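As a plain string of letters, each chain reads:
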Amino acid sequence: MIRDPETLNALLDSVRRFVRERLVPAEETVADTDAIPADIVRDMQALGLFGLTIPESYGGLGLTMEEEALVMIELCQTAPAFRSLIGTTVGIGSQGILMDGTPEQKDRWLPPLARGELIASFALTEPEAGSDAASVRTRARRDGDHYVIDGTKRFITNAPEAGVFTLMARTNAEDKGAGGITAFIVDAKSPGITLGRIDRKMGQKGAHTCDVMFDGVRVPAAHIIGGVEGRGFKTAMKVLDKGRIHIAAVCVGVAERLLRDTLRYAMERKQFGQPICEFQLVQAMLADSRTELYAAKSMVLDAARRRDAGDNVSTEAACCKYYASEMVGRVADRAVQIHGGAGYVADHGIERYYRDVRLFRIYEGTSQIQQIVIARGMVKAAAA
Ligand code: COS
């Protein structure tokens, strides 16, 4: 749903300009230094990018899912590390508070998140709990008005930058499954929290992940999201449903950038006396990329509109994440192929994108998890 096309177009224009004038020129620096320059972070705050999805009543822009998807498609026509910095605050780190938090929790945490003064991180994954999210071992033991949290979280995006964690921990040791999990809002400055060293990754330099260790961390009972134990797994699943449409839009944005660069190269690069875009085998690669990109974009916008209309889109969100992340992998592979040697050496940035996009098929649910969610959704719908 687009509420006001004029306002949205103005936002899309400013994001497009910001990407072209500020982010694209900084891509290499970010990759070389593994850091996003402080002045760019300030500009992101000023543009309201941290508050895209937080309601206007809390100081954000309150975008609908369709609007959010369109903004992501623009913002991601550059290195995905830039999106990653706002991604957890716009998405998985804040949405649990927004969806299931109490009015007091929203009042306290959402305004600083919307302003980008506080970065939110989503702490679900553990050394032994990745795809099997219901098997988290991090314990939260009640002690008076507090819970005491012990455990280790792994690959936590933006943990080094985070001011607050949305953390999933087991409050009921008897229940080893989803029902024993509770979601907490944890102040990142709480005593007993330590960070592991920043992970050295295949790509997405400038986006940081690391382990987060919780050792006797005392969290007020009032920080349980929604105030009720045992609902954390469902909160996490709802957050991920929305996050999957968001990531699919990210994939579409990156693929648009890759294909645009690749088409330009194919029109300029000459071999056998003519531009390589005149060769049908190159055309086939361009056409396949264009077709798959169009399909992914159509899926993302359709799922986003359905979500805005109030439909349950768990299955469609998984379809989008699955297809769009695999699509951008193929588009990146063809981009390297069409660039040939120039695609393999580091100077053109194409090999960097090839490495960057590999993550999309893994995080926020692997392709195989999406397949499971889709098939289960089909069976459930048919049985109903
Ligand atoms: N929305 C709301 N509730 C949901 C839900 C959703 N999308 N998906 C599941 N639930 C509920 C179920 O209805 C069930 O509730 P009841 O016990 O009341 O019936 C409960 O949650 C447990 O669901 P289920 O039995 O399906 O859980 P499983 O352990 O079988 O796991 C998968 C399901 C595999 C889908 C889940 O573990 C998953 O998504 N894993 C991937 C996690 C992931 O994306 N990790 C990436 C890192 S986080 S960035």
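Counting restarts for each chain, with residues numbered from 1 along the sequence as it is written. Per-residue local features are limited, in this predicted model, to residues with pLDDT of at least 70; the limit for side-chain atom pairs, both in listing and counting, is 80 or more; totals at the level of whole chains, interfaces and linings are taken over all residues. Values reported for side chains reflect all heavy atoms of the structure, with hydrogen atoms and water molecules removed beforehand.

### As for unusual backbone geometry
Then comes step 1: The phi angle at Asp34 is positive, at roughly 55°, despite the residue not being glycine.
Then comes step 2: Accessibility here uses a 1.4 Å probe with only protein chains present; expressed as a share of the type maximum, an area under 20% marks a residue as buried, one over 50% as exposed, and anything in between as partly exposed. Overall, Asp34 belongs to the partly exposed group, its relative accessible area being 25%.
Then comes step 3: Not every positive phi belongs to a glycine, and Glu364 is a case in point at roughly 55°.
Then comes step 4: By secondary structure assignment, the location of Glu364 is in the loop between helix H12 (350–356) and helix H13 (367–383). Segments assigned H or I by DSSP are reported as helices when at least four residues long, segments assigned E as strands when at least two residues long, and all are numbered from the N terminus.

### Some thoughts on the packing of aromatic side chains
Then comes step 1: When two rings of Phe, Tyr or Trp (its six-membered ring) have centres within 6.5 Å they constitute a pair, described as stacked for plane angles under 30 degrees, edge-to-face for angles over 60, and tilted for the intermediate range. Considering all chains together, one arrives at 4 aromatic pairs under this definition.
Then comes step 2: Seen from their ring centres, Tyr147 and Phe184 are 5.1 Å apart, and the 65° between their planes marks the pair as edge-to-face. Here the residue Tyr147 occupies a position in strand S3 (residues 146–157), and Phe184 occupies one in strand S5 (residues 181–187), the gap between them amounting to 37 residues. Each member of the pair, Tyr147 as well as Phe184, carries the same accessibility label: buried.
Then comes step 3: Relative to Phe214, the ring of Phe165 has its centre 6.0 Å away and its plane inclined at 75°; by these criteria the two rings are edge-to-face. Taken as a pair, Phe165 in strand S4 (residues 164–170) and Phe214 in strand S7 (residues 209–220) lie far apart in primary sequence, 49 residues in all.
Then comes step 4: Residue class for Phe165 comes out buried when judged on its relative accessible area of 1%.
Then comes step 5: You can call Phe214 buried: its relative accessible area is 3%.

### Digging into the domain arrangement of the protein
Then comes step 1: The start and end points of each domain follow an automatic or database-based domain assignment. Considered domain by domain, the protein is made up of domain 1 (5–115), domain 2 (120–230) and domain 3 (234–383).
Then comes step 2: Relative placement of domain 1 and domain 3: their C-alpha centres are 21 Å apart.
Then comes step 3: Listed per partner, the contact involves 25 residues of domain 1 and 30 residues of domain 3.
Then comes step 4: The term buried area means the drop in 1.4 Å probe accessible area that two parts suffer when joined, counted for both and summed. For the pair domain 1 and domain 3, the two sides together bury roughly 2400 Å², of which 61% comes from carbon and sulfur.
Then comes step 5: Considering only the surface of domain 1 that becomes buried against domain 3, Met65, Ile73 and Gln77 emerge as the three largest contributors, covering 26% of it.
Then comes step 6: By convention in these notes, a salt bridge is any Lys or Arg side-chain nitrogen within 4 Å of a carboxyl oxygen on Asp or Glu. Counting across the interface, domain 1 meets domain 3 through 5 salt bridges.
Then comes step 7: Two residues, Arg257 and Glu27, come together in a salt bridge whose shortest N-O distance is 2.8 Å.
Then comes step 8: Asp, Glu, Lys and Arg are counted as charged, while Ala, Val, Leu, Ile, Met, Phe, Trp, Tyr, Cys and Pro are counted as nonpolar; the rest, among them Gly, fall into the polar class. Split into classes, the residues belonging to the side of domain 1 that touches domain 3 amount to 13 nonpolar, 6 polar and 6 charged. Contact definition: two residues touch when any of their heavy atoms are within 4.5 Å.

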